[in-house]
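Okay, here's what each chain looks like letter by letter:
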Amino acid sequence: MENSQFLVAEFSLGCLALFLLIKLAIVIWWKPRQITNHFKAQGITGPPHKLLFGNSIEYGKLMNAETSKPMKLSHNIVPRVQPHYHYWSKIYGPNFLMWFGPSPMLFVGSWELGKQVLGDKLGNFGKPLSNQLLKDVLGDGLPVLNGEKWAHHRRIINPSFHIDKLKGMVSSMAESIGNMLEVWEKVVKSSCENEVDVSEEFNVLSSDIIARTAFGSNYLQGKHIFDVLAKVTSMTCKDTAKLIVPGYRYLPLKGNRDRWRMHREIKNSLKQLILNREKTGTNTNDLLGSMMNTVRELRNSENNAGLTTDEIIEECKTFFVTGQETTRNFMTYAIFLLAMHPEWQERARTEVLQVCGNCHPTFESQSKLKIVGMILNEVMRLYPTAVSVLREAHKDIILGDLSILAGTQIVFPLLALNHDIALWGEDASEFKPERFSQGLANAAKDDSALFIPFGYGLRICVGQNFAMLEAKIAISMILQRFSFVLSPAYVHAPTSFITLYPQHGVQIILQDLHTTADD
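The structure contained in this document is the topic of the report that follows.

Here is what the cut-offs are and how they apply
- Residues numbered from 1 in each chain as written.
- Predicted model: local features only at pLDDT ≥ 70, side-chain atom pairs only at ≥ 80, totals over all residues.
- Heavy atoms only, no water.
- Axes fitted to C-alpha atoms, helices over the stretch in contact; angles between N-to-C directions.
- Helix = DSSP H or I, 4+ residues; strand = E, 2+ residues; numbered from the N terminus.
- Parallel < 35°, antiparallel > 145°, perpendicular 65-115°, else oblique.
- Left-handed = near helix turned anticlockwise from the far one by under 90°.
- Contact = heavy atoms within 4.5 Å.
- Nonpolar A, V, L, I, M, F, W, Y, C, P; charged D, E, K, R; others polar.
- Phe/Tyr/Trp six-rings, centres within 6.5 Å; stacked < 30°, edge-to-face > 60°.
- Lys NZ or Arg CZ within 6 Å of the ring centre and 35° of its normal.
- Pairing = 2+ DSSP bridges.
- Buried < 20%, exposed > 50% of the residue type's maximum accessible area, 1.4 Å probe, protein only.
- Salt bridge = Lys/Arg side-chain N within 4 Å of Asp/Glu carboxyl O.

**Concerning the packing of helix 14 (residues 309–340) against helix 20 (residues 464–481)**
Part 1: In contact at an axis separation of 10 Å, helix 14 and helix 20 are set at 40° when each is read in the N-to-C sense. Between helix 14 and helix 20, the crossing angle belongs to the class labelled oblique. The crossing of helix 14 and helix 20 is right-handed. Seen from helix 14, the contacting residues are Phe319, Thr327, Phe330, Met331, Ala334, Ile335 and Leu338; seen from helix 20, they are Phe466, Ala467, Met468, Glu470, Ala471, Ala474, Ile475 and Ile478.
Part 2: Of the residues contributing to the contact of helix 14 with helix 20, the split by class is 13 nonpolar, 1 polar and 1 charged.

This is the structure we're talking about:
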C-alpha cells in the first residue's frame, strides 16, 4: 500500500516536473522561435535570439563598452547612449527585432508607424503589462497604468496641473531657486575656482521644488519622504541586473530587505500625512491637496469613484521620481549647452533682462521668453530626458504593412530619431536653437518628423507645463545673476537609465554678474 502511494506521488511529481519543463521550453525556446520566424517572413530580422537571456548580454556588453570611457565634446551622442540601436540598425536596418530576456522588442526607426502607435485611442497599444522593474523605479502610478484605470487616474490628476494651479507654484519655485543661488554667491566669494556641479545642484533643487509644490505646509515632512524615496530609487537602479532575474526581488537578501524597509517607511509616512489631512479637512492648493480635493468631489458625486489611499501614495511617488529626474537632467543639459555656446547664453540673458529686468520671472513674463523657449526646445531635441518611447501591442494587430503579435514591445529610439539627418538635416547633431524660430511644426527638415519631448497623443506627459515652467524660471534667474563656462574638470559622458543623465556630472565655472558690475 505504502509502495503504491509512493509510486503515485513519484509519478505525480514526475508529471509536474515534465509539465514545468515543457512550459519553460515553450517560453524560452519555442515561442521566441515562432515570433522570430513571424517577423522574419515580413523582412524584419535582428541579432540571433539566445536561450534565457535573449540579446540582453550583448546589449549589456555594448552599453558597458561605451560607459567605461568618456567621449569627445560633441553632441553626436547616439553611439554612446544607444549603442545597441546604432550598431544593430547598421546591420539589420532601422527596423529590427531584439530580445530582452523572453520579451520581444521591435525597434522602429521612423515616425510613419509612430503616429499610429502613439496616437492610438482604442487601447491597441499601451505600456508594458508586466514591467515590474519600471514600477519599482517609477511607482505604480500614471506612467505605467493602462486602459480605464489610466483614464480614471488621469482625470483625477489633470486638475493639479491646470494653469491656475501652476500660477500658484511660481513663488515656491522662485524661493527654492533663490536659496540655491545664494549658496552659489557664497561659493563665488569664498572660492578661487568658483566651480559647482549643476547636476548635483539641480538634484537638490528639483527635489526641494517638488516637496514644496506637492506638500505645501507639510514641506519638511514631504522632503524627508522624498529623500528616502530617492535612496530606494538609486538602489533599484544599481541593482537592475539582479532584479530582472525572476524571483530575485523576493529573496531575503540585505539589499532587498533594505528596499522593503524603505518602501514601508515611505508608505507609512505618506499614509499618515494623507490621513491627517482627511481628518482635519485641510483644503490646500498644493498637488497633494488638489488631488485629494478631486478625489473627495468624485466620491461625493460618483459612488466613491475616487482613488484609494494606496493609489494616492503611488501617484505621489511617481510624481517625485518622474518630476525630479526629468527636470534635474533637463536643466542640467540646458546649462551645459549654454556654457558651451556663450553667444546663445548672452542672447538668452539679454532677453531675460529685457522682459524681467532684475525681478523674479512671473507666470506671465516667462511666456514672453521666446529665445529661452527656443533654447529649451533644442536642449530637449539633442538631449531628451527619455531616449526611447516604449509601447506594447495588447492584441494581434496590423501596423502599416506589418503584422504585430500581442505582447510585442515596440520601441521608438527617440534620441536616434532626433539626431537623424534625414529628418533634421545635415546639422542634426549641432546646437541650433534657431531651427525652432518658426514654431515646433516647422523645426524639422522632414514633415514626417515628430518632436515629442513630453510624449504624444492621449498619453502626453501631464506635468509638461510644470517642467517647462520650472526650467524657464530657473534658467532665467541664473542668467540674471551669473555667467558661466564649462570647467576644465568636465568629462563628457552622457548615459541613460530611465532618463538621460551626465555620468560624471556637469561642472561649470561661475562669474557673479553683480560683483562684476560693482567692480
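**With respect to the packing of helix 8 (residues 163–190) against helix 9 (residues 198–215)**
The geometry of a pair of packed helices is captured by two quantities: the angle between their axes and the separation between those axes.
Part 1: Helix 9 packs onto helix 8 with a crossing angle of 150° between their chain directions and a minimal axis gap of 9 Å. In terms of orientation, helix 8 and helix 9 fall into the roughly antiparallel class. Crossing geometry of helix 8 relative to helix 9 is assigned as right-handed. Across the interface between the two elements, Met169, Ser172, Met173, Glu175, Ser176, Ile177, Asn179, Met180 and Trp184 from helix 8 touch Val198, Glu201, Phe202, Leu205, Asp208, Ile209, Arg212 and Thr213 from helix 9.

**So, the packing of aromatic side chains**
One pair of aromatic rings is described through two measures. These are the centre distance and the angle between the planes.
Part 1: A complete count under the given rule lists 18 aromatic pairs for this structure.
Part 2: Among the aromatic residues, those joined into a ring-pair cluster are Tyr85, Trp88, Phe96 and Phe107.
Part 3: Above the plane of the ring of Trp344 lies Arg347, whose end atom (NZ or CZ) is 4.1 Å from the centre.
Part 4: Across the ring face of Trp424, the terminal group of Arg381 is positioned such that the distance to the ring centre comes to 5.2 Å.

**Observations concerning the sheet that holds strand 8 (residues 409–412)**
The strands making up a sheet are joined through hydrogen bonds of the backbone, oriented either antiparallel or parallel.
Part 1: As summarised here, the arrangement of the 5 strands in space is 1-2-8-5-3, forming an open sheet in which the pairing is mixed. The sheet terminates laterally at strand 1 (96–100) and strand 3 (125–126), the two strands that pair on one side only.
Part 2: Across 3 bridges, strand 2 (residues 103–107) lies against strand 8 in parallel orientation. Across the sheet, residue Met105 finds its bridge partner in strand 8, namely Gln409.
Part 3: The strands touched by helix 4 (residues 83–92) within the sheet are strand 1 and strand 2, with strand 1 carrying the most contacts at an inclination of about 135°.

**Quick look at the sheet that holds strand 4 (residues 195–197)**
Part 1: In spatial order, the strands read 4-12-9; together these 3 strands make up an open sheet with antiparallel pairing. Both edges of this open sheet fall to strand 4 and strand 9 (482–486), since each of them pairs with a single strand only. Taking the axes of each pair of neighbouring strands and ignoring which way they run, one obtains an average angle of 40° across the sheet.
Part 2: Here strand 9 pairs with strand 12 (residues 507–512) via 5 bridges, running antiparallel. Residue pairing across strands places Ser483 opposite Gln511, the latter belonging to strand 12.
Part 3: On the sheet, helix 9 packs against strand 4 and strand 12 and is oriented at approximately 55° with respect to strand 4.
Part 4: Sitting on the sheet, helix 20 touches strand 9 and strand 12, and the angle it makes with strand 9 is about 100°.

**Observations regarding the environment of Thr45**
Part 1: Topologically, Thr45 is positioned in the loop between helix 1 (2–40) and helix 2 (56–67).
Part 2: Take Thr45: its relative accessible area is 32%, and that puts it in the partly exposed class.
Part 3: With 53 residues separating them along the chain, Thr45 and Met98 place their C-alpha atoms 8.4 Å apart.
Part 4: The residues touching Thr45, leaving out its near neighbours within four places in the chain, are Lys40, Tyr92, Phe96 and Leu97.

**Some thoughts on the pattern of salt bridges**
Part 1: All chains considered together, the criterion is met by 20 salt bridges.
Part 2: A salt bridge links Glu311 to Lys149, with the nearest nitrogen and oxygen atoms 4.0 Å apart. In this pair, Glu311 sits in helix 14 while Lys149 sits in helix 7 (residues 147–157), placing the two residues 162 residues apart along the sequence.
Part 3: Here Glu346 makes a salt bridge to Arg349, at a shortest N to O gap of 3.0 Å. Highlighted residues: Glu346 and Arg349, both in helix 15 (residues 342–356), separated by 3 residues, approximately one helical turn.
Part 4: What makes Arg349 buried here is its relative accessible area of 6%.
Part 5: Here the residues in one salt-bridge network are Glu378, Arg381, Asp427, Glu430, Lys432 and Arg435, joined through shared partners.

**Brief notes about the pairing of strand 5 (residues 389–393)**
Part 1: Most of strand 5 is tucked away, with 4 of its 5 residues classed as buried.
Part 2: The sheet contact formed by strand 3 and strand 5 spans 2 bridges and is antiparallel. Among the inter-strand pairings, Phe125 is bridged to a residue of strand 5, identified as Ala393.
Part 3: As paired strands, strand 5 and strand 8 are joined by 4 bridges and run antiparallel to one another. Counted as the bridge partner of Arg391 is Ile410 from strand 8.

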